[in-house]
Structure formats: C-alpha cells, structure tokens
Amino acid sequence: MKFIDLIITIKPSIFSALLKGIVLVVTLLSGCSDINTNTNSLTFTPKYNNKLLKCFSSFIHQDKKWQYSQLQFFISEVAVKDNNGQWQVWPLSDNQYQSNNIALLGEYCQASPVKQQADHQLTQGNWQLSFKQAIDLSTFTQLRFTLGVPFSFNHQNPLLQTSPLNVPQMFWVWQSGHKFFRLDIEEQIEAANGIDPKDHWQFHLGSTGCKAPSPLRPPNKTCTNANQTKIIMDMDSKSTKPQRIAVDLAALFLGLSITKKNSCQSEPDNDNCLVLFEHLGLIASKAQSTFKWHDKTSPDSLSK
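Given the structure is predicted, the values throughout are model-derived calculations rather than measurements.

Draft legend 1. Representation of the pairing of strand E14 (residues 243–248) in the model. The element E14 is largely enclosed, with a buried count of six among its six residues. With burial as the criterion, each face of E14 is covered, one bearing Gln243, Ile245 and Val247 and the other bearing Arg244, Ala246 and Asp248. Two elements, strand E1 (residues 38–48) and E14, share four bridges in a ladder whose sense is parallel. By the bridge assignment, Lys47 is partnered in E14 with Asp248.

Here you go:
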C-alpha cells in the first residue's frame, strides 16, 4: 500500500491527532535550536595570550616564568548600547563583591600553592559581574564600563564603607583613594641550596595629584590625574558560543620589560607606567587592548 493510500484510509479523528502530534514535534525541535541569549551576569577571565590563568599558575614573558599573587580591579558604571545606538545603564546587584554599582573582580592569592591546595579558602576571588536584571545580549551591540571607582566613593573612609570598598589591599590612603587595578607578579624559580632569588614586579593603578591637607584627609576636588578609563567593547550579538571578557596580560605587557626595577605606582613621569596606561586606554589617542570580548571558539589551555 502506498503512503498516500494509507493516509486516505486513516479515520479523520486519528489523522487529526497525528497531524497535531507532528506539529508539536516540529515546534519542540525548532525551540531546541533557539539559543537563549538572556543573561544577568558576565564572566571575566585572566589570560596570557590563549592560556587561562589562576593563582600560582605560570606564564612565560620574555623568557621568564611568572605567576601572579594578586590580580584585582574595580569596575563601575556598566552600560550597554542597544541596536538604536542608545546607552542603557545595567545596574549591578549587591553582594560581597558589589555595592553602589561598583564591583571588585579578580583574586588575591594569600598562601603558597601547597597551603592553597589544603585550604581553597585561602584564595579570595571573584570573576563574575552579577546584575539586578537579565538582558538579551542579542539586542545590544556594545558594552561599556569604567575601570576605577567614582570620585564620590573613592576617598571615603574604607572602615565605614561596604564591601568591596573596604578591602585593605586595594586602598592607599584617603587622599589617593583606592587602587583601581592591582597586579603583583613574581618569577617562578626552583629554589637551590635554600636560596630563592625571585624577581618580582608590581603595577598599582590609582589617582595621583590629589590635594588634601594630609594623607588621611580626602581631597575636596578631583585629582589632577584621575587615572580612570572607560572601556568600550563590541559585543558579538550573533554568536551562539559562550562569551566572556578576557583580561589579557600579554596585551598589557606588550613592549614592556618586566623587572622589579620598573614597577609602576601610577607615577605620571614613569615611562613604564605610560606603556601600561596606553594598553588600558588612559592615553587619549590610544585604544585599550587589555580587555577583550572573548568568543570561546576554541578550547583554552590552562597554564600550569
């Protein structure tokens, strides 16, 4: 019996039920192919080129093996641009790492790798922004945020502020305020005969030229060098792959020879600071290269 003849012999009621079943299956299958682009969080990922990083993992820069003991930074004023070219504030939720639309991202490695393995709580870290409301990423074209703490919060008493603005290792003094970006790295060298001659390097970004009666008093007006920058990144609204924001240390270090002699504490006349400022977008005519909207098209390798 041909298929058409079989259809003709089926009772109308049965045929109707079969047709509804087919429609339901097609609908379900089409729904499964849709990608849910709604999200109420964004994840940042520390990297050196295509290697994922974490506390005490290593990366090679200029023939030396390095690890970071602290990589943390403040983000504020998060916004997204819609398809009509309008910016919309994307408010942050409040938690241990976020308050007043200010977030602290990164991690602080408080112990040696051996101790850390015994007690994972010895590493304090957070790599995710959490928002009060979910948005559909496919309806937005750009992401914008400020690397830094707004002036109105930057110079308040840290003992009285809510977390994360009370984290001591991310604060200088009232006059200067917070460290917006802190990176401490050290060279990985296997100790020989009890001698461990590690090289180390620091980059602490914060405001300078802040005038106050004393270091323990806040300034009345904005600092000469605010050292805050707005990061703007194009978003791939058509991508169906997991997307994150990469913090690429290779891009930050580009053209910089790292030794303990050329650490940067945000001095405006420090040539090494100027290189770092350029890669973070603090130089007016230069686009930042450190933060990247990362479409995970291929597996990343974990740096050991």
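There is more to say, and it comes next.
Draft legend 2. View of the pattern of salt bridges. Applying the stated criterion across every chain yields a total of five salt bridges. Ionic pairing is found between Asp248 and Lys292, a salt bridge with its closest N-O pair at 2.9 Å. Here the residue Asp248 occupies a position in strand E14, and Lys292 occupies one in strand E15 (residues 291–295), the gap between them amounting to 44 residues.

Draft legend 3. Region of the structure containing the nonpolar core. Among the nonpolar cores identified, the biggest contains 52 residues, and Phe44 and Phe291 are the most heavily contacted of them. Among the elements that line this core, the one with the most residues is strand E4 (residues 64–82), at seven residues. Setting aside residues no more than four positions away along its own chain, Phe291 makes contact with Phe44, Phe73, Phe145, Leu147, Phe181, Ile231, Met233, Ile245, Ala246, Val247 and Leu280.

Draft legend 4. Summary view of the state of the cysteines. Under the definition given, this model contains three disulfides. Paired by a disulfide, Cys210 and Cys223 hold their sulfur atoms 2.0 Å apart. The disulfide joining Cys210 to Cys223 has a torsion of about 105° about its S-S bond and is therefore right-handed. With Cys210 in the loop between strand E12 (200–206) and strand E13 (229–234) and Cys223 in the loop between E12 and E13, the pair connects residues that are 13 residues apart, well separated along the chain. The pair formed by Cys210 and Cys223 is uniform in burial state, with each residue classed as buried. Taken in sequence order, the bonded cysteines of the chain link in the pattern 1-2, 3-4, 5-6.

Basis of the calculations
Residues numbered from 1 in each chain as written. Predicted model: local features only at pLDDT ≥ 70, side-chain atom pairs only at ≥ 80, totals over all residues. Heavy atoms only, no water. Buried < 20%, exposed > 50% of the residue type's maximum accessible area, 1.4 Å probe, protein only. Helix = DSSP H or I, 4+ residues; strand = E, 2+ residues; numbered from the N terminus. Pairing = 2+ DSSP bridges. Salt bridge = Lys/Arg side-chain N within 4 Å of Asp/Glu carboxyl O. Core = buried A, V, L, I, M, F, W, Y, C linked by side-chain atoms within 4.5 Å. Contact = heavy atoms within 4.5 Å. Disulfide = S-S within 2.5 Å.

In short, the description is geometric, and any link to function would need to be established separately.
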